[in-house]
Each structure stands twice: as C-alpha cells, then as structure tokens.
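Below are the chains, spelled out letter by letter.
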Amino acid sequence: MHIFAIANQKGGVGKTTTSVNLAAGLAQAGQRTLLIDLDPQGNATMGSGIDKRGLQRTVYHVLLGLAALAETRVTSPTGGFDVLPANRDLAGAEVEMVDLDRRESRLKRALAQHDAEYDFVLIDCPPSLSMLTLNGLCAAHGVIIPMQCEYYALEGLSDLVNTIKQVHRNLNRDLRIIGLLRVMYDPRSLLATQVSAQLEQHFGDKVFKTLVPRNVRLAEAPSHGIPGVLFDKTAKGAQAYLTFATEMVERVKTWNNEL
Ligand code: ADP
Ligand code: MG
C-alpha cells in the first residue's frame, strides 16, 4: 500500500482535481485505490459523486475515534475507487483533537489495519499547514505537490518544503517529496514555460514528466459528480491525468526494485 498526500498550502492550485483524477486514473489502471478527503469543503467527496450533505459518518468520525474506517468509507459510484468522505463536520476536528493523545497520527493509525486492501491511498489535504494536513503528512510515504507555473508558485513552495522536512525529522521518517506536478499549464504563456523550466532545473527528476494542461472539461466534471478522466475521456486534461496515473504506477514499481 502506497500512501500519498496531495498537498500545497495554497488554495485553488489543483489539489482536489489531482486527487480525484489520479484516483480514477489509478482505478482505471486496475489499482485498488482509496481517496481520503481531508478538506472540510468536501470537494473531493462531491467530485467523486458522493453527496457530502447526507453522510452519517465521515473522516471526522474516524479521526476522533467515533467510527471505524471500514464502516465509514463509501465507493465512488462514478469513479470505481473507495472514498473516505468529508464535510463541514471536519472543520471542528482541529479543536476537538487538542486533548487527544498523539493527535497528529490519528489517520496513520486508522489506516494501519487496512494495509492489504489497497494498492494506493491518496489524501486530499486542505489549503493550510494545519493539524489536518499534519495528519495527512504523518500517514503518508510521500507528497505530491500540484502547482501552477506562475511567479509566486516558487515562493510558497519553500514553506511547504520546510514543513515536509520538519515532519520527516520529527514525526515520519518515511516521508519524502515524490514530485511536483505542473497543472493548469498553458504552453502559450511565456511565464509558464519559464517557471516550468526553472522547476526542472531546481528539482530535476522530482518534477513529474506529465504536464496537466488547463482544460475546461476538468473544471466542468465536478458539477456532474464524475471524475474528469471519465467525464470526457478524450479531453486533453483527462488524457494527461491518465498518463500521470501510469507515471505513478511506474514510479512505484522502480521503488519496489530499490528495496
Ligand atoms: P485546490 O483543491 O488546490 O483548492 P482545485 O482542484 O479545487 O484546487 O482547483 C481549483 C479550481 O481550478 C477548480 O475550479 C478546478 O475545477 C479548476 N481546475 C483545476 N485544475 C484544472 C485544469 N487543469 N484545467 C482547468 N481548470 C482546472
Ligand atoms: Mg481542494
């Protein structure tokens, strides 16, 4: 079981779009996949075709020890992967977890018993470096960082990289940066191509080969509750995320050989 957090403390950079479409792409490739929604906005839940409003149990209940993961997960009716859903209940978790023992590793512990059930677990983190994101980083083996190739992208990156280093040092020795994923990419923008080249220069093979273009079909898909890769398979954005899923499967294979 490979556990990846999709993180970037900035909002609107493509975390949820990447989480949902990578999950669906992996499922299409025959990988048993669980998507964990760690954002109280519940966008990954809705984008997977699950109505966040009617849920009796969510990831909030799992984090607080009020429900087991096995009785909380649901299957995405449109995506073919499992979802540990979220809604606004999760906004209270931060405060309610204050008194709990080892509160940063609650998600890690909830996942431990399910090691044999999934090939991939993806964690869609909220746009902050909060206790929720910390739970995601503590549970994960690696971080996937989606980013837009714009001027301020690099600035925010150092805060995230420092947080990941700290978590690695103090809480989770397994954690590493798997890669930076360039999303909403516009090849006609000079700035985007320059920032993209800079990223390759600085981060080398930590930059994923797949480039996800800006594509309106990916933005339309969530309102239908269907992952973009299935909503319009022929669209450029869908094709890119399917390629990215294949790239992830390949990366994981070469790791297994290294071990
Ligand atoms: P985050 O989870 O980081 O806040 P989202 O995945 O919700 O970011 O993306 C923010 C907005 O951008 C959403 O409206 C989403 O539909 C849109 N979006 C994301 N990726 C793309 C893309 N490749 N092309 C077009 N729109 C995109
Ligand atoms: Mg999001």
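For the structure, see preceding data.
The structure contained in this document is the topic of the report that follows. Every chain is numbered independently, its residues counted from 1 as its sequence is written. Here the convention is simple: chains get letters from A, ligands get numbers from 1, in the order in which they are written. Reporting of local features is limited, given that this is a predicted model, to residues whose pLDDT is at least 70; pairs of side-chain atoms are given and counted only at 80 or more, and all residues count toward the totals for whole chains, interfaces and linings. Heavy atoms throughout the structure, all of them, feed into the side-chain values; hydrogens and water do not.

### A few points about the sheet that holds strand β2 (residues 33–37)
Two strands pair under a simple rule: DSSP has to find at least two bridges between them. Numbered from the N terminus, helices here are DSSP runs of H or I no shorter than four residues, and strands are runs of E no shorter than two. On the basis of which strands lie adjacent, the open sheet formed by 8 strands has the order β3-β4-β2-β5-β1-β6-β7-β8 and mixed pairing. What marks the edges here is a single partner per strand, and that holds for β3 (74–75) and β8 (207–213). Strand direction decides the pairing type here: strand β6 (residues 142–148) and strand β7 (residues 176–185), joined by 7 bridges, are parallel. Of the residues in β7, the one forming a bridge with Met 147 is Arg 182. Contacts are residue-level and defined by heavy atoms, with any inter-residue pair within 4.5 Å sufficient. Axes here refer to lines fitted to C-alpha atoms; in helices the fit is confined to the stretch in contact. Angles between the N-to-C directions go from 0 to 180 degrees. Sitting on the sheet, helix α1 (residues 15–28) touches β1 (2–6), β2, β5 (120–124), β6 and β7, and the angle it makes with β5 is about 165 degrees. Along the sheet, helix α7 (residues 153–170) makes contact with β6 and β7, crossing β6 at roughly 170 degrees.

### Observations regarding the site of ligand 1
Residues in contact with ligand 1 amount to 14 residues; listed here are only the nearest, Gly 12, Lys 15, Thr 16, Thr 17 and Asn 215. Residues adjacent in sequence count toward polar contacts only when both atoms are side-chain atoms; beyond that, a polar contact is any pair of N or O atoms within 3.5 Å, and within protein one must be able to donate a hydrogen and the other to accept it. Contact between ligand 1 and Val 13: an oxygen atom at 3.1 Å from a main-chain N or O atom of the residue. A distance of 2.9 Å is found between an oxygen atom of ligand 1 and a side-chain nitrogen or oxygen belonging to Lys 15. At 3 residues, the largest contribution of residues to the shell around ligand 1 is made by α1. Working definition: residue near molecule or strand if any one of its non-hydrogen atoms lies within 4 Å of it.

### Structural notes on the nonpolar core
In terms of nonpolar packing, the biggest core is built from 48 residues, with Ile 36, Leu 111 and Ile 123 touching the most fellow members. For this core, the element with the most residues is α7, which contributes 6 residues. Excluding residues that lie within four positions of it along the chain, Leu 111 makes contacts with Met 1, Ile 3, Leu 34, Ile 36, Leu 69, Val 121 and Ala 139. Throughout, nonpolar core names a set of buried Ala, Val, Leu, Ile, Met, Phe, Trp, Tyr and Cys residues whose side chains join them through atoms within 4.5 Å. Three labels apply to residues, based on accessible area from a 1.4 Å probe with only protein chains included: buried if under 20% of the type maximum, exposed if over 50%, partly exposed otherwise in between. The next biggest cluster of nonpolar side chains, apart from the first, holds 33 residues, and it includes Phe 81, Ile 178, Val 183 and Val 229.

### Some thoughts on the environment of Ile 164
Summarising the element assignment, Ile 164 is placed in helix α7. Between the alpha carbons of Ile 164 and Val 249 there is a distance of 23 Å; along the sequence they are 85 residues apart. Residues in contact with Ile 164, not counting those within four places in the same chain, are Val 143, Ile 145, Leu 175 and Ile 177.

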